[in-house]
Amino acid sequence: MHDDHRLVEARLERALRQRLRPALHGATVPLDIEVWHAPGEPVPVSDALGADYKPAALGESWGPPWGTSWFRLTGRVPQEWDRQRVEAVVDLGFGGGPGFSAEGLAYTPDGEPIKGLNPDNIYVPLAGLASGGASGSDQAYAKGGAAFQVYVEAAANPTVIGWPDFSPTNLGDKETAGTEPMYEIRRADLAVFHADVWNLLLDIDVLNELRAELPADLPRRSEILRALERALDALDYDDIPGSAAAARAQLAGVLAKPAYASAHQISAVGHAHIDSAWLWPLRETVRKVARTVSNVTTLAADHDDFRFAFSQAQQHAWMKDHHPQVWSRLKAAVESGHVIPIGGMWVESDTNMPGGEAMARQFVHGKRFFLDEYGIETEVVWLPDSFGYSAGLPQLVKLSGHKWFLTQKISWNQTNKFPHHTFWWEGIDGTRVFTHFPPADTYNGQLTGRELAHAQRNYQDKGSGTWSLLPFGHGDGGGGPTREMLGRAERLADLESSPKVTVEHPARFFEKAHEEYANAPVWVGELYLELHRATYTSQAKTKQGNRRSEHLLREAELWSAAAAVAGRLEYPYADLDRIWKAVLLNQFHDILPGSSIRWVHREAEETYARLAVELEAIIARAQQALAGEGSADVVFNAAPHDRDGVPAMGASVRGRSHAPDVTVNDEGPGIVLDNGLVRVTVDERGLLRSVYEIESQREALAPGAAGNLLQLHVDTPNLWDAWDVDPFYRNKVVDLVDADSVEVESATPEEAVVAVTRSFGSSRVVQRIRVRAGACQVDVDNEIDWHEKEKFLKASFPLDVRAEQSASETQFGHLFRATHTNTSWETAKFEICAHRWIHVGEPGYGHAIVNDSTYGHDVTRDVRPDGGTTTTVRLSLLRAPRIPDPVTDQGMHRLSYALVPGAGIAEAVEEGYRINLPSRTVAGSDGVAPLVTVDNPAVVVEAVKLADDQSGDVVVRLYEAHGGRAAARLTTSFGIDSAQETDLLERPLAERDLADGGVEVALRPFQILTLRLARAS
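Since the model is a prediction, treat every value here as computed from it, not as a measurement. (Residues numbered from 1 in each chain as written. Predicted model: local features only at pLDDT ≥ 70, side-chain atom pairs only at ≥ 80, totals over all residues. Heavy atoms only, no water.)

A. The arrangement of the overall build of the chain in detail. From N to C terminus, the chain includes 18 helices and 53 strands. The C-alpha radius of gyration computed for the chain amounts to 31 Å, which stays within 12% of the reference 31 Å derived for 1017 residues, consistent with globular compactness. Counting over 1017 residues, the chain shows a buried share of 62%. Residue pairs at least 24 apart in sequence account for 74% of intrachain contacts in the chain once pairs closer than 6 positions are excluded. Looking at the chain as shown, the accessible area adds up to about 36000 Å², and 48% of this sits on carbon and sulfur atoms. A gap of 3 Å separates the mean positions of the 99 positive and 141 negative side-chain charges of the chain. (Helix = DSSP H or I, 4+ residues; strand = E, 2+ residues; numbered from the N terminus. Rg over C-alpha atoms; globule rule 2.2 N^0.38 Å. Buried < 20%, exposed > 50% of the residue type's maximum accessible area, 1.4 Å probe, protein only. Contact = heavy atoms within 4.5 Å. Areas by Shrake-Rupley, 256 points an atom, 1.4 Å probe, with all protein chains shown as cover. Lys, Arg positive; Asp, Glu negative; His and termini not counted. Charge placed at Lys NZ, Arg CZ, Asp CG, Glu CD.)

Set out below in structure tokens:
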């Protein structure tokens, strides 16, 4: 046979474009169009229903950026359409892809939501909208002469990122976006829907996509091509609807052939990844969720086998709070099993930067919401799109009662392909969780032939595993599955040469995958994303707000619990619950990482400022109640280790310091600050020329090198400006060594401060280099007035140690990363995340750098001509990307860090807490005994609070922080009747014995332990 496949392919492509797709809807009648442009922010549907509408017409412009227009569409079903399938087709000229830009939500005249509209989903079902019409299905038969009316709330969201050129724009904030309309009305009709044409289109799409993925020499490929050719021959182009069934008959045979016995098996799960904020503000996400849930519940009414995984408890809560009718439908769909609450977290958060307790509370608040509202115990942690996954996460997954973990993002790796799709993930403490990466490499699947073939080819665990999972549905901005996707799923259930597709609950996938592949390989440590590394630094104020909020919440809970146990104040349960949820929301993986539009980050900064005021007030009330009346200075220490004579998590009346005085010698060369523990020399350029630890008689800085050196890089990544820093940024660097002034700002026996002022580009920095009595460290407080564009600011400390690895704090512990670049895996980690501290050292000696709000770091090493090794630690302070926020980080910043010479891991842990939990002084008369005391500094108390069930029990969360086994005794300042070990949700796991009123604990490295202490009556 002659090869004519290109001829047939071209014939099919034109037939689809010009004949078949236009024939999906037959006869049409125009709808009358009226519009009301809502002033300002979105309004309740009740306001819109009573608004003053004006006539509008096709081609009319609407939609200033971030505006809302309500359309009222009215018509009547022609008599001759009686008993035909009819739907409205509404195209308001939406820009962008589904969920990304302008979208609408259709309502009945009574204000009931129907379904969302987006560029890929423009129909509105007739059911319930045409008076006298049929009901119950979006394919309901029409009644001739029936009146029709629908309202559409249309959101004019702009396309902020111009794909693929990534050009800066001011559209990301309503304050700068302008007022010119962006869209125009394209279509508003009642139309006859031809079901046979729709089914024929799906038959052709599924077969043609499958054919395109098959090898040219496989008979199945040619068999499908000839069937498609026969189907085209069977079509009457003058009557496509009338001949569609005959064309389908030509395809029935190739569609009926079953899959190979060894075909890859795919569990398809409906999904709509909805970023809780990104290229749109939080208020718009509330509407995105309403549109998506309306879509999903409409589909569920017609597809009993449909299953939709809906993560992020916050988004469920928004429906409860803002869309009661959508909430009612959602609850019914959950009860019927069509919608599956999943994930068990308040939001799909970033996991690199949230602190340990905050990460725990993501699971606490998320899982508890699903338990309280639906009675469902979630089992799958669902995080498809976060930018890497911390090594502390597996233990938190298990302690929150979850079994399995899913993500897809690691497939975005820039350098190394991850070696597994199904595996055991082992965290820093040894906890393992069964984990899956969908090999289709998408969380926005469409169930296309290309996706399925890629999943089958790409699956890394062939020969041992046969199952993979594929989330399908429009996502990022929501929208979810469509009827076409479900039609594809039906055809792909058992089709020769294709993977088998089953739409089912994600837990069923994990059960089957675990059963067949229980001995899956193990991956130890973090799941580092080799991309989006700049998210550790972008939007510094958002990150600082998060860090500060986490520590304020620790203090608020600790001191409020102490005051409540003492009987002096009521515990502020409701306020703390609300504040925690606000902080957790802003840990979403496009807010905390700094990758959202200006509107989002402006609101986040405002939220953090408001929460800080509330938390400071809660702390002040509790501390004043504890300190009592009086004029003595009562010093409170919220840190988990003693400080300056004040007990950990307690308070003392200030006593006289016994530390040696700080001395200053400014007679040159340089300025020397000395407190008997460390001697610091600041040179004429304002740089650290020496940090000498007196006890060990060792210099911290490498010979000839300067510490606290600010370095400025050109920062122009190839793509994803706010997200990425590419390794070539290191090719250009300017050392900021010129100083406007270097002077002793203050000198007292308690501390000495050298102020250094520098100007560079359009920016200015004032650094206060500080040495305090009794502290073996040098502190650096920074005020940076930052006005650079596409620059990256680092602070460099070249240290005289031969460090084979660095240690970085993560949730409830730390992890080690190599300082060398032996392999591509180490090379790819040229930018890393650390929490409050990073440590480098050689056997027996090392240094720590602690910080109060910085996450991004890099660590490099070099061998000097003298044979010594310099290990350089740099903190990533500020960036200035222009996309998606053109004014990222512009303005004033205040941040601090400190070099702690001669520090081990233990000192790094302690100083990391101390720089983030400064002591507070309150006028009063009484010291405060700590509620709990632990006698081993390796066992760190992370949280002290009252139980969430308001029983009055005291809950203590602690962990082993040094990386070794640790035994300790926990005692209390109040009587206890019993002690229980609990999960993160404070549910009992085991009874703990009491001995002399205390609890003995023995922890493995980095183990987390939550104790619930029942107070003696």
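B. Focus on the side chain of E348. Summarising the element assignment, E348 is placed in the loop between β15 (339–341) and α9 (356–374). As a buried residue without a salt bridge, E348 has its nearest oppositely charged side chain in K409, at a separation of 10 Å. Polar side-chain contacts of E348 include one of 3.2 Å to the side chain of H273. A distance of 2.5 Å separates a polar atom in the side chain of E348 from a polar atom in the side chain of S311. For E348, the residues in contact, after removing those within four places along its chain, are H273, S311, Q312, W382, L383, P384, S386, F588 and H589. (Salt bridge = Lys/Arg side-chain N within 4 Å of Asp/Glu carboxyl O. Polar contact = N/O pair within 3.5 Å; in protein donor to acceptor, adjacent residues only side chain to side chain.)

C. Main features of the sheet that holds strand β25 (residues 663–665). Within the open sheet, the five strands sit side by side as β25-β26-β27-β28-β29. Their pairing is antiparallel. Pairing within the sheet leaves two strands with one partner each, and these edge strands are β25 and β29 (698–699). (Pairing = 2+ DSSP bridges.)

D. Main features of the packing of helix α3 (residues 195–213) against helix α5 (residues 240–256). Contact geometry for α3 and α5: axes closest at 9 Å, N-to-C directions at 35°. With respect to the hand of their crossing, α3 and α5 are arranged in left-handed fashion. Touching D196, V197, N199, L200, D203, I204 and L207 of α3 are I240, P241, A244, A245, A247, R248, L251, V254 and L255, all from α5. A per-class count over the contact of α3 with α5 returns 12 nonpolar, one polar and three charged. (Axes fitted to C-alpha atoms, helices over the stretch in contact; angles between N-to-C directions. Left-handed = near helix turned anticlockwise from the far one by under 90°. Nonpolar A, V, L, I, M, F, W, Y, C, P; charged D, E, K, R; others polar.)

E. Broad picture of the nonpolar core. Residues F405 and L1013 are the most contacted members of the largest nonpolar core, which totals 202 residues. Take this core: its biggest share by element is 11 residues, from helix α16 (residues 598–627). Excluding residues that lie within four positions of it along the chain, L1013 makes contacts with V932, D953, V954, V956, L970, T972, F974, I976, S978, A979 and V999. (Core = buried A, V, L, I, M, F, W, Y, C linked by side-chain atoms within 4.5 Å.)

F. Expanded view of the pattern of salt bridges. Summed over the entire model, instances satisfying the criterion amount to 82 salt bridges. Across the pair D205 and R21 runs a salt bridge, and its minimum N-O distance is 3.4 Å. Taken together, the residues D205 in helix α3 and R21 in the loop between α1 (5–20) and β1 (25–30) connect sequence positions 184 residues apart. Residue classification places R21 among the partly exposed residues on the basis of a relative accessible area of 43%. What you see here is one network of salt bridges that share partners, running through E41, E103, E153, K174, R283, E284, R287, K288 and R291.

G. Inspection of the layout of surface pockets at higher detail. Considering only enclosed or pocket space, the largest pocket measures out at about 1500 Å³ in volume. Taken together, 46 residues line the largest pocket, and the ones lying closest to its centre are R643, D644, R772, A773 and A775. Elements with a minimum of two residues in the lining of the largest pocket: β23 (632–637), β24 (650–653), β34 (763–772), β35 (778–786), β44 (891–900) and α18 (905–916). Partitioned by chemical class, the residues of the lining of the largest pocket number 15 nonpolar, 12 polar and 19 charged. (1 Å grid on protein atoms, 1.4 Å probe; cavity = no way out; pocket = protein on both sides within 12 Å on 5 of 7 lines; lining within 4 Å. Points joined across faces, edges and corners; volume = space filled by probe spheres on them.)

H. Quick look at empty space enclosed by the protein. Tallied over the entire structure, the rule returns eight cavities of 30 Å³ or more. Each pocket or cavity is described by its volume, and for the largest cavity that value is around 200 Å³. Taken together, 21 residues form the lining of the largest cavity, with E357, E550, H551, R836 and E942 sitting closest to its centre. Taken together, the elements giving at least two residues each to the lining of the largest cavity come down to α9, α14 (540–565) and β47 (939–946). The leading source of residues in the lining of the largest cavity is α14, at six residues. Its residues placed into classes, the lining of the largest cavity shows eight nonpolar, four polar and nine charged. Within this model, the second largest cavity holds a volume of roughly 110 Å³. Around the second largest cavity, the lining is made up of 15 residues, and of these A540, S853, T854, L877 and L895 lie nearest the centre. Of all the secondary-structure elements, those providing two or more residues to the lining of the second largest cavity are α14, β43 (869–879) and β44. Per element, the largest residue contribution to the lining of the second largest cavity is four residues, and it comes from α14.

I. Just the environment of G655, in detail. Structurally, G655 is set in the loop between β24 and β25. Each C-alpha atom of the pair G655 and V635 lies 9.6 Å from the other, and the pair is 20 residues apart in sequence.

J. Molecular detail of the pairing of strand β36 (residues 791–799). Of all nine residues in β36, eight are buried, a share of seventy percent or more. Where strand β30 (residues 709–714) and β36 come together, six bridges link them in antiparallel fashion. Bridging from a neighbouring strand, Q711 pairs with K794 of β36.

K. Spotlight on the side chain of T757. Inspection of the secondary structure puts T757 in strand β33 (residues 751–760). The residues touching T757, leaving out its near neighbours within four places in the chain, are A739, D740, S741, R764, V765 and V766.

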